[in-house]
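Below are the chains, spelled out letter by letter.
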Amino acid sequence: MIIQQYLSPNYNDRPVGIVPDMVVLHYTGMQSASVALARLCDPVSEVSAHYMIDETGNILELVHPSKRAWHAGISSWAGRENLNHYSIGIELVNPGHEFGYTNFPGEQLASLLDLLKQLAQDFDIKRSMYVGHSDIAPDRKEDPGEKFPWQMLAHKGFGIYCNKDGSGHETILSDQMANDEMLRQKIVQLQNNLQFVGYKLEKNGLYDQQTKACVTAFQRHWRQNYVTGVYDTGTDMVLNDIMYQYNIMSD
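For every chain, the first residue of its written sequence is number 1, and the numbers climb from 1 along that sequence. This being a predicted model, a pLDDT of at least 70 is required before a residue's local features are given, and a value of 80 or more before pairs of side-chain atoms are given or counted; all residues contribute to the totals for chains, interfaces and linings. Heavy atoms throughout the structure, all of them, feed into the side-chain values; hydrogens and water do not.

1. Topic: the overall build of the protein chain
Phase 1: Only runs of H or I of at least four residues qualify as helices and only runs of E of at least two qualify as strands under DSSP, and these elements are numbered from the N terminus. Check the secondary structure of the protein chain and you find seven helices and 12 strands.
Phase 2: Over its C-alpha trace the protein chain gives a radius of gyration of 18 Å, about what one expects of a compact globule, namely 18 Å for 251 residues.
Phase 3: When its C-alpha atoms are laid out on the principal axes, the protein chain stretches across 55 × 40 × 35 Å.
Phase 4: Restricting the contact set of the protein chain to residue pairs at least 6 apart, pairs at least 24 apart contribute 67%.
Phase 5: Surface exposure here means Shrake-Rupley accessible area, sampled with a 1.4 Å probe, where a residue is shielded only by the protein chains that are shown. For the protein chain, the exposed surface amounts to about 11700 Å²; the carbon and sulfur share of it is 49%. Only the C-alpha atoms count toward the radius of gyration. The rule for a globule is 2.2 Å times the residue count to the power 0.38. We call two residues in contact when some of their heavy atoms are within 4.5 Å.

2. Topic: the layout of surface pockets
Phase 1: Only protein atoms enter the 1 Å grid used here. Points where a 1.4 Å probe fits but cannot escape make up a cavity, open sets with protein on both sides within 12 Å along at least five of seven lines make up a pocket, and a residue lines them when an atom lies within 4 Å of a point. Grid points are joined across faces, edges and corners, and a volume is the space filled by probe spheres set on the points. In this structure, the largest pocket occupies an estimated 460 Å³ of space.
Phase 2: Of all the secondary-structure elements, those providing two or more residues to the lining of the largest pocket are β3 (22–27) and α1 (33–40).
Phase 3: Tallied by class, the residues present in the lining of the largest pocket amount to eight nonpolar, eight polar and eight charged. In this count, Pro and Cys sit with the nonpolar residues alongside Ala, Val, Leu, Ile, Met, Phe, Trp and Tyr, while Asp, Glu, Lys and Arg are called charged and the others, Gly among them, polar.

3. Some thoughts on the pattern of salt bridges
Phase 1: Whenever a carboxyl oxygen of Asp or Glu lies within 4 Å of a side-chain nitrogen of Lys or Arg, that contact is scored as a salt bridge. In total, this model carries seven salt bridges according to the counting rule given.
Phase 2: For Lys67, the salt bridge is made with Asp13, and the minimal N-O distance between the two is 2.7 Å. A residue pair is termed long-range when its members are at least 10 positions apart, and Lys67 in strand β6 (residues 67–69) and Asp13 in strand β2 (residues 11–13) qualify at 54 residues.
Phase 3: Relative accessibility under 20% of the residue-type maximum defines a buried residue, over 50% an exposed one, and the middle range a partly exposed one, all with a 1.4 Å probe and only protein chains included. On the basis of relative accessible area, Asp13 is assigned to the exposed category, the value being 53%.
Phase 4: Three or more residues joined by partner-sharing salt bridges are found here, namely Glu142, Glu146 and Arg220.

4. What to know about the packing of aromatic side chains
Phase 1: Each Phe, Tyr or Trp ring, with Trp reduced to its six-membered ring, pairs with another whose centre is within 6.5 Å; inter-plane angles below 30 degrees give stacked pairs, above 60 give edge-to-face pairs, and intermediate values give tilted ones. The full count for this structure, using the stated rule, is eight aromatic pairs.
Phase 2: Taken together, a centroid distance of 5.3 Å and an interplanar angle of 90° make the contact between Phe104 and Phe148 edge-to-face. One end of the pair, Phe104, is in the loop between β9 (87–92) and α2 (106–122); the other, Phe148, is in the loop between α3 (133–136) and α4 (150–155), with 44 residues separating them in the sequence. This pair shows no difference in class: Phe104 is buried, exactly as Phe148 is.
Phase 3: Every member of this aromatic cluster is reached through a ring pair, and the members are Tyr27, Tyr101, Phe104, Phe148 and Trp150.
Phase 4: Throughout this description, the term charge over a ring refers to an Arg CZ or Lys NZ atom that lies within 6 Å of the ring centre and within 35 degrees of the ring normal. A cation over an aromatic ring shows up here: Arg80 above the ring of Tyr86, its NZ or CZ 4.0 Å from the ring centre.

5. Quick word on the nonpolar core
For soluble globular proteins, nonpolar side chains are generally found buried alongside one another.
Phase 1: Among buried residues, those of type Ala, Val, Leu, Ile, Met, Phe, Trp, Tyr and Cys that are joined through side-chain atoms within 4.5 Å constitute a nonpolar core. Counting residues in hydrophobic clusters, the biggest one holds 55 residues, and the most contacted among them are Trp77, Ile90, Leu112, Leu119, Tyr199 and Trp222.
Phase 2: With six residues, α2 is the largest single contributor of residues to this core.
Phase 3: Filtering out sequence-adjacent residues up to four positions away, Trp222 remains in contact with Ile160, Cys162, Val197, Tyr199, Val238, Ile242 and Tyr246.
Phase 4: Within the second largest apolar cluster, 10 residues are counted, among which are Leu37, Leu40, Val63 and Ala69.

6. Examining empty space enclosed by the protein
Phase 1: The full count for this structure, using the stated rule, is one cavity of 30 Å³ or more.
Phase 2: Size it by volume and the largest cavity reaches roughly 30 Å³.
Phase 3: Around the largest cavity, the lining residues are Ser134, Asp135, Gly145, Trp150, Ala217, Arg220 and His221.
Phase 4: Taken together, the elements giving at least two residues each to the lining of the largest cavity come down to α3 and α6 (209–222).
Phase 5: The element that contributes the greatest number of residues to the lining of the largest cavity is α6, accounting for three residues.
Phase 6: Of the residues belonging to the lining of the largest cavity, the class tally is two nonpolar, three polar and two charged.

7. Side note on the pairing of β9
As a general feature of sheets, a regular strand has side chains that alternate between the two faces.
Phase 1: Burial runs high along β9: six of the six residues are buried.
Phase 2: Residues Ser87, Gly89 and Glu91 of β9 are buried on one face, and the alternating residues Ile88, Ile90 and Leu92, pointing to the opposite face, are buried as well.
Phase 3: As defined by bridge partners, strand β4 (residues 51–53) adjoins β9 across three bridges and the pair is classed as parallel. The partner of Tyr51 across the bridge, within β9, is Ile90. Two strands are counted as paired when DSSP detects at least two bridges linking them.

8. Here's the deal with the environment of Val227
Phase 1: Within the secondary structure, Val227 sits in the loop between α6 and β12 (231–232).
Phase 2: When the C-alpha atoms of Val227 and Gly145 are compared, they prove to be 9.9 Å apart, with 82 residues separating the residues in sequence.
Phase 3: When sequence neighbours within four positions are dropped, the list of residues in contact with Val227 reads Glu146, Thr216, Gln219 and Arg220.

The following block contains the structure:
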């Protein structure tokens, strides 16, 4: 694996004693690799990542992983805030939803796997701590999106995989349903389950915008063929399986 340095000025020190223990994956969401690289290295933008991988698999190190890159923004996962402190950010060159979202090329994914293997050797990163930008900021972000092959990464040891196909579209909960006490109890349970996985949301018994955003982000990661923000029978099946996988790994 060859990693070229193309250093960005947009970084600072991690808090004293903090060593990165999670990886956040992004897509660049811009028209080209050159446009994305210019932004990630522009001091005016105040945006960066530790690595950028282009469509042909070239890896650029923009910020050394010992330093704090500025990729996560306002973010939360597994009870922690401000995830720039704790994470390594990897940008995958892809136009994203705004500019004609495409599949991630094989060469790019092969380089990503090589990089993740190296990072796993250098840092203590648990399987549950490989997440997307949309997971840690579901109300703001949708990358790397539903075309990203999370399942493939998980089967290589980077992330949690799902054993269920997620079939079934019968609505269980949505923001269109009239609220009553029984419904509120079901929503609180859903909110509790999403929080268990890592998402940040208030357990208020309302299918509010934050709950819908977290359901949507969960679907983008683990139930990619049906991303609606509606909690249906297929999403329920997948969520319960992901929670089961988490429990197995914590035993």
